[in-house]
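Given next are the chains, with one letter for each unit.
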Amino acid sequence: VHLILLLALIAGTKSETIVRMSNEATAAAAAVPKEGTPTKKSSKNPKGNKKNMVVEELPEFVDHRIKVWDELYKKQSEMLAAKPDEDIKITLPNGNEVEGKAWKTTPYDVAMGISPGLARASIVAKVNEKVWDMTRPLEADCSLELCKFDSEDGSYTFWHSSAHILGEALELKYGCKLTVGPPTNDRKGFYYDAYMDGSKQGNISEKDFKELEKRVQKIVKSKQPFNRLVMKKEEALEMFKFNKFKKILINEKVADGTTCTAYRCGPLIDLCTGPHIPTTGLVKAFALTKNSAAYWKGDAKNDSVQRVYGVSFPDKKSMKQHLRLLKEAAERDHRKIGAEQKLFFFDIMSPGSCFFLPHGARIYNKLVSFIRRCYRERGFDEVITPNIFNCELWKTSGHYQNYRDDMFLFETADKEEYGMKPMNCPGHCLMFRHTARSYKDLPMRFADFGVLHRNEKSGSLTGLTRVRRFQQDDAHIFCAKDQIFQEVKGALEFMKYVYDAMGFTFHLNLSTRPDKYVGEIKVWDEAEKQLQKVLETFCSEHKMKWATDAGGGAFYGPKIDIQLEDALKRRHQCATVQLDFQLPKRFGLKFKRSNECIEEPVIVHRAILGSVERMMAVLIEQWGGKWPLWLSPRQVCIVPIAPELIEYAEKVGKILHDRGFYVDVDSSKLQFKKKIALAATSKTNYVLVVGGKEAAASSVNVRTRENKIIGAMTIEDFIGRMQDEIKEFK
């Protein structure tokens, strides 16, 4: 040990050299500390166990960060210790009440009181429906829910904490500046962006993964506790003064005179809202999956950063299952299948705008026509609105003030500023306002497939899932307040019908009033009650569950968030149902009651597919390119067994084409087996083999995509079979 320290001094080490013993750290973390407990520095090596010693030379900026942390954390601990020792009541989900002490009792303490197994399995808590660290003291009477990994909040917190573990490993290896490290949007892992300029070892590559994973294992084995610190804006700026990215975030997100939070595990201290898992020791399986270059904030004008992706689980069995799904997901990637099936492509001449080839356009148009048919059945009126509007419209709606950086804006020859529409709702407000409205006109259901443009940053463009030019199955329902229940429930029933047809399950969340909102609390409360009533009724009828996302609503109104779940158990945000009380005020929308009373309507923003482009990507990956017949761009391939039968094959093809089916006739000179194989490769639903016997009987020999031979059928019987499948969305 003395020799190691001496060598470090000889090497001119300016930063603190931390000598950790893995067995010492394990012992230190055996009892999970409460948030108010000061962390102890471990710089001495206990006697023996020299083989387990890990020596890490920390970057110089880490010393400053730790010094500021230690000073502030000491003050926070003293402040918490001085809090009055008052009794509080903690209400559990089953209605039972547990006694506790304000500023002393933690969710972890409550879990331990129930069972040590529950305490070990609990990842994060929800206190009064807000996520809360297991080791953070409770402050007053409250409700308490303990979340395991299999809950949405549990897995999200677990992966968020794992990103911090990855960040610690990246700092130790590269001496890099960390930027952001969240869970991924699909909530199946996490990543960390690291700025490598001036770092010790250059850029990151996959060859580094093994060493990084070894570092992670040491961090996990040491069971480092996650500690939380509340600090003032100026204190945060001082703590992170050597990291320009954190300073940008602090200045953008933390108002003057307010506070923010940071979390520490080991030497890593990161600006973060949390919450986090109790210790790094809960991560039993960890793997790095890929790396790439990215731009800070997704903007090509900003610094380039190195992005490292990872995934983690509380047990190795889950990791094994996940890696299997990852492999399958790679095979189902919509960009890969889109190229193989010649559905679409992108070109640098129009970044983020998709070129749909004929077979891709068939799918796209079928999705739109499907929704159009549903609109007719459900009383929606389709409208067409302009693509370009004077920016005075966007100023009235508020989008100009809050959204202009994501809009395509330009100036006309008359020096007036115009913008391409990024959404349809302001245009629909003009249509409602165009003439006087009465209660008899309501509800008015405007549907619009108009082309939308959003100036997404080039670094964020990802196949069909993030584009600049797209269409939505966008609708806005103008209704009276007493019509909210029927219209929102109708929107959910509509959504269920569509998702059932596509084979999706889905999850519902009521997103309530956020901290920053507009309007009266009384109106918000009433709207939330109506949405809750809708969810209770809908879920009771369909034997489903729903959850509350406290504070997750839009600034203009509460909403129901819908996440669909695909065949790989991944969740996607596509559909939405939102209440809006603000646009009617901004546009002065009114309607007249029978008693001459003038009222403002409520707008229900509603989408089911969401972006047609994004839904098409989800469907490609849902089915792995094996399209159901009703949506397939290649429904039938006719294979004549000899050249003299090509004429009959083309005759059958014309009959099917005239009945509305997509048909290919393979009249090539390839061998019969090769033709069958090509039809299977193209994922064509049915292959019709025709020979002399079929020609004589005006029939076809039918086999499925999986090469299951159904046998001879008349042409009309085969058409009837396909029509029945399409009616049943098969």
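Sequence order as written defines residue numbering, which begins from 1 separately in each chain. Residues qualify for local features only when their pLDDT is at least 70, as the model is predicted, and side-chain atom pairs are given and counted only at 80 or more; totals for whole chains, interfaces and linings, by contrast, use all residues. As a rule here, side-chain values come from all non-hydrogen atoms in the structure, and water together with hydrogens is ignored.

### Some thoughts on the confidence of the model for the protein chain
- The predictor attaches a confidence to each residue, called pLDDT, with possible values from 0 through 100. For the protein chain, the average pLDDT comes to 89, and 91% of its residues sit at 70 or higher.
- Comment: elements are numbered from the N terminus, with helices defined as DSSP H or I runs of at least four residues and strands as E runs of at least two. Put simply, strand β1 (residues 17-21) is where the protein chain has its lowest mean pLDDT, 32, and strand β16 (residues 355-356) is where it has its highest, 98.

### Comments concerning empty space enclosed by the protein
- Buriedness for pockets is judged along seven lines, at least five of which must meet protein on both sides within 12 Å for an open set on the 1 Å grid over protein atoms alone, while cavities are sets there where a 1.4 Å probe fits but cannot get out, and lining residues have an atom within 4 Å of a point. Grid points are joined across faces, edges and corners, and a volume is the space filled by probe spheres set on the points. Considering all chains together, one arrives at two cavities of 30 Å³ or more under this definition.
- Considered as a void within the structure, the largest cavity measures approximately 60 Å³ in volume.
- As for the largest cavity, its lining consists of F61, R65, E171, K177, L178, M239, F240, F242 and N243.
- Residue assignment for the lining of the largest cavity shows that the elements contributing at least two residues are α3 (60-81) and β8 (177-178).
- When residue character is reported, Ala, Val, Leu, Ile, Met, Phe, Trp, Tyr, Cys and Pro are called nonpolar, Asp, Glu, Lys and Arg charged, and the others, Gly included, polar. Split by residue class, the lining of the largest cavity holds five nonpolar, one polar and three charged.
- Of the volumes computed, that of the second largest cavity is approximately 30 Å³.
- Taken together, R65, E171, L178, F240, N243, K246, L268, I269 and D270 make up the full set of residues lining the second largest cavity.

### Topic: the pairing of strand β31 (residues 602-607)
- Each residue gets one of three labels from its accessible area relative to the maximum for its type: buried under 20%, exposed over 50%, partly exposed in between, using a 1.4 Å probe on protein chains only. The buried count for β31 comes to six of six residues, which makes it a mostly enclosed element.
- Burial along β31 is two-sided: V602, V604 and R606 and I603, H605 and A607, pointing in opposite directions, are all buried.
- By the bridge criterion, five bridges tie strand β24 (residues 474-479) to β31 in an arrangement that is antiparallel. Considered in β31, the bridge of C479 is made with V602.
- Where strand β28 (residues 571-580) lies against β31, five bridges are found, and the strand directions are antiparallel. Bridged to V577 within β31 is R606. Paired strands, as defined in this entry, are two strands with at least two bridges between them according to DSSP.

### A few points about the nonpolar core
- Side-chain atoms within 4.5 Å are what join buried Ala, Val, Leu, Ile, Met, Phe, Trp, Tyr and Cys residues into a set we call a nonpolar core. One finds L492, Y499, M502, L508, I562 and M615 to be the most contacted residues of the largest nonpolar core, which totals 63 residues.
- Ranked by residues supplied to this core, first place goes to helix α16 (residues 484-501) with nine residues.
- Any pair of residues with heavy atoms lying within 4.5 Å of one another is described as a contacting pair. When sequence neighbours within four positions are dropped, the list of residues in contact with M615 reads Y499, M502, F504, L564, C574, I608 and L609.
- One finds C147, A194, I277 and V311 within the second-largest nonpolar core, a separate group that totals 38 residues.

### Looking at the environment of E694
- Inspection of the secondary structure puts E694 in helix α22 (residues 692-697).
- Spatially, the C-alpha atom of E694 lies 37 Å from that of E621, the residues being 73 residues apart in sequence.

### A closer look at the sheet that holds strand β14 (residues 304-313)
- Strand order in this open sheet of four strands is β8-β9-β14-β13, and the pairing throughout is antiparallel. A single partner strand is all that each edge strand has here, and the edge strands are β8 and β13 (285-295).
- Both β8 and strand β9 (residues 190-195) contribute to a ladder of two bridges, which runs antiparallel. Following the sheet pairing, L178 is matched in β9 by A194.

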